[in-house]
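Chain by chain, the residues:
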Amino acid sequence: MEVAIFAGMALVAALSGLLVILQRHAVYSALFLIIAMGALAGIYITLEAHFVWAVQVLVYAGAIMVLFVFVIMLLNPPREEPRWAWFDLRRIALAGVLAVVLLGELLLVLVRGHTPGGAPVPPGFGSTEQVGRLLFTDFLFPFEVTSIILLVAIVGAMVLAKGHYGK
Amino acid sequence: MSAFDLIAMLVKIGVVFGALLLTVAYMTWLERKVIADLQVRIGPMRVGPFGLLQPIADGIKLFFKEDLMPGQVDRTLFLLAPALSIIPALIAFAVIPFGDTTTLFGLLPQPVPLRLTDVNVGVLYVFGITSLGVYGIVLAGWSSNNKYALLGGLRASAQMVSYELSMSLSVVGTLLLTGSLSLVEIVRAQTGIAWWLGVLPVPNWFAFSQPLGFAIFLACALAETNRAPFDLPEAETELVAGFHSEYSSMKFAMFFMAEYANMVTASAMATTLFLGGWLGPIGPSPVWFLGKVFLMLFVFIWVRATLPRFRYDQLMHFGWKVLLPLAFVNTIVTAVFAALGRH
């Protein structure tokens, strides 16, 4: 049962991920990205990580993607006409290098990070309390660094916008 | 899961779904009646006693209206948008506890809890699901390929993202005092009597210990459901009918139902988080729950009849520069008191 749910969710996530880049229109791309986020959230449920599910839906599917859609609609880009560039060697080379790097990373994770399956989940795993405790103890430093990075990004956006519209 | 549990669950789902849709239908009647009373009119009177059959007549009328599909729309999303709007509105209700336990006056062999399910992240579930409801509105605005509809959709997305922040923050105080994200635990934590300001005996509801949080939550609930005075996405004086300008027949009705279902959910959340949920001194608990929910729904209508619509810049100013800082202050003060109380 759990394997079936995981396989279904993984399939949906992969397919909609593919469809994100195959769409001609940015709004449809954003919609498939939302579906991919939702499928990922479903996988978190099968991992008993209910809090992470809620955050995934609330923050990614609910807030960040709304802003994506908002910006896409504000700019309202026209439907992209297909420009077939099969023989653009620079593109193919760049895509090939990136694909090999990504594949290498995936293989490395699969080989290194493989843990014997069937290990029982400790009680309280994935609960809000445990995630919070970890965030404020073991992962306090990365957590705070992330918030500073986000702050820098916001300030950067403000400065750029001010240079553009100010004065 | 035993056969009894399964049947009980199916019956509960049927009852909750039916009651929700019936409430949605009769909210239109209630809204017209209450606003009529507040404006010294009498409202619908012709269809049935006190116009009580008016929602049924409206429903039949909407079903038989011509379903127009304008030529310039993006067909897929135009059809999908009403469904995307109403589905989150209906499934958000799944975790809201509407009563304690019941044996139906001793008819059932074992007590049945009066809620569909109790997940340990119930509050986040409701916020997460309702935050998805904005896509229906936004996509309706975009797919209509009409500038008024697009402006309505844009306003809806900016408004809902802005007010969602303050709404989530306004309940953090409640969560700090409860120590749980489960809606059942939050209601249980409000049992008993408290002394308000040390003198006045009041129910131990979070509306009394978290008045600021409650006020912020109410303001944000109005904005999240696109109700007056925050109904800018469908401001008829500027935008024809906003995001649903191009919709007719049942597709239009689905947006309408979604708005009312969201109102019911928001009222039920306000009841659960701040008004003690199903708790009451005597009598069956679902009656108390329903009474409080309808009190909140009345407030929604009352506000609509009282306040004029905000201007767009006022809306953004109010959300980001008034409500959000206040929600932060409420969170910090509550956290300090909770920490002091624990030691």
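The structure contained in this document is the topic of the report that follows.

So, how was this worked out
- Residues numbered from 1 in each chain as written.
- Chains lettered and ligands numbered in written order.
- Predicted model: local features only at pLDDT ≥ 70, side-chain atom pairs only at ≥ 80, totals over all residues.
- Heavy atoms only, no water.
- Helix = DSSP H or I, 4+ residues; strand = E, 2+ residues; numbered from the N terminus.
- Buried < 20%, exposed > 50% of the residue type's maximum accessible area, 1.4 Å probe, protein only.
- Contact = heavy atoms within 4.5 Å.
- Buried area = accessible area lost by both parts, 1.4 Å probe.
- Salt bridge = Lys/Arg side-chain N within 4 Å of Asp/Glu carboxyl O.
- Polar contact = N/O pair within 3.5 Å; in protein donor to acceptor, adjacent residues only side chain to side chain.
- Nonpolar A, V, L, I, M, F, W, Y, C, P; charged D, E, K, R; others polar.
- Axes fitted to C-alpha atoms, helices over the stretch in contact; angles between N-to-C directions.
- Parallel < 35°, antiparallel > 145°, perpendicular 65-115°, else oblique.
- Left-handed = near helix turned anticlockwise from the far one by under 90°.
- Phe/Tyr/Trp six-rings, centres within 6.5 Å; stacked < 30°, edge-to-face > 60°.

**Let's talk about the overall build of chain A**
Along the backbone of chain A there are six helices and zero strands. Put simply, chain A runs from its N terminus to its C terminus through helices and strands in the order α-α-α-α-α-α. Taken across its 167 residues, chain A has 22% of its residues classed as buried.

**Here we look at the environment of L275(B)**
Within the element layout of this structure, L275(B) appears in the loop between α12 (249-274) and α13 (285-306). Excluding residues that lie within four positions of it along the chain, L275(B) makes contacts with Q190(B), W205(B), A207(B), F214(B), A270(B), K292(B) and M296(B).

**A word on the interface of chain A and chain B**
A common way to express how large an interface is: the accessible area buried when the components associate. Taken together, the 23 residues of chain A in the interface contact 23 residues of chain B. Among the residues chain A hides against chain B, the three largest losses belong to Y28(A), L58(A) and M73(A). Together they make up 28% of the total. The tally of links from chain A across to chain B stands at zero salt bridges. Taken together, the connections running from chain A to chain B amount to three residue pairs in polar contact (both at pLDDT 80 or more). Residue assignment for the side of chain A that touches chain B shows that the elements contributing at least two residues are α2 (26-46) and α3 (50-75) of chain A. Of the residues belonging to the side of chain A that touches chain B, the class tally is 18 nonpolar, five polar and no charged.

**Things to note about the packing of α3(A) against helix α4 (residues 122-132) of chain B**
A pair of packed helices is characterised by two quantities: the angle between their axes and the separation of those axes. Axis separation between α3(A) and α4(B) bottoms out at 9 Å; the angle between their running directions is 25°. Here α3(A) lies roughly parallel to α4(B), going by the angle between them. Crossing angle aside, the handedness with which α3(A) passes α4(B) is left-handed. On α4(B), the residues that touch F51(A), W53(A), A54(A), V57(A), L58(A), A61(A) and G62(A) of α3(A) are L124(B), Y125(B), F127(B), G128(B), S131(B) and L132(B). Each residue belonging to the contact of α3(A) with α4(B) can be placed in one class, and the counts come to ten nonpolar, three polar and no charged.

**Observations regarding the environment of I34(A)**
Topologically, I34(A) is positioned in helix α2. The class for I34(A) is buried, based on a relative accessible area of 13%. Those residues within four positions of I34(A) in sequence are excluded, and the remaining contacts are A61(A), M65(A) and Y135(B).

**With respect to the pattern of salt bridges**
Side chains carrying opposite charge are able to pair once their charged atoms draw close together. Residue and element names in this part refer to chain B. Throughout the structure, instances matching the rule amount to six salt bridges over all chains. Where R227 meets E31, a salt bridge forms, and the shortest distance between an N and an O atom there is 2.5 Å. Here R227, found in the loop between α10 (211-224) and α11 (236-239), pairs with E31, found in helix α1 (residues 3-38); they are 196 residues apart in sequence, far enough to count as distant. The two residues R227 and E31 agree in class, both being buried. R32 is the partner of D58 in a salt bridge, and the nearest nitrogen-oxygen pair spans 3.2 Å. Highlighted residues: D58 in helix α2 (residues 54-64) and R32 in helix α1, separated in sequence by 26 residues. Each of the salt bridges in this network shares a partner with another, and the network as a whole consists of E31, R227, E259 and R304.

**Observations concerning the packing of aromatic side chains**
Residue and element names in this part refer to chain B. Applying the stated criterion to the full structure yields 14 aromatic pairs over all chains. With a centroid separation of 5.4 Å and an interplanar angle of 55°, the aromatic rings of Y163 and F230 are classed as tilted. Taken together, the residues Y163 in helix α6 (residues 147-170) and F230 in the loop between α10 and α11 connect sequence positions 67 residues apart. Here Y163 and F230 have matching classes, each one buried. Aromatic side chains F214 and F274 sit 5.2 Å apart centroid to centroid with 40° between the ring planes, which places their arrangement in the tilted category. Taken together, the residues F214 in helix α10 and F274 in helix α12 connect sequence positions 60 residues apart.

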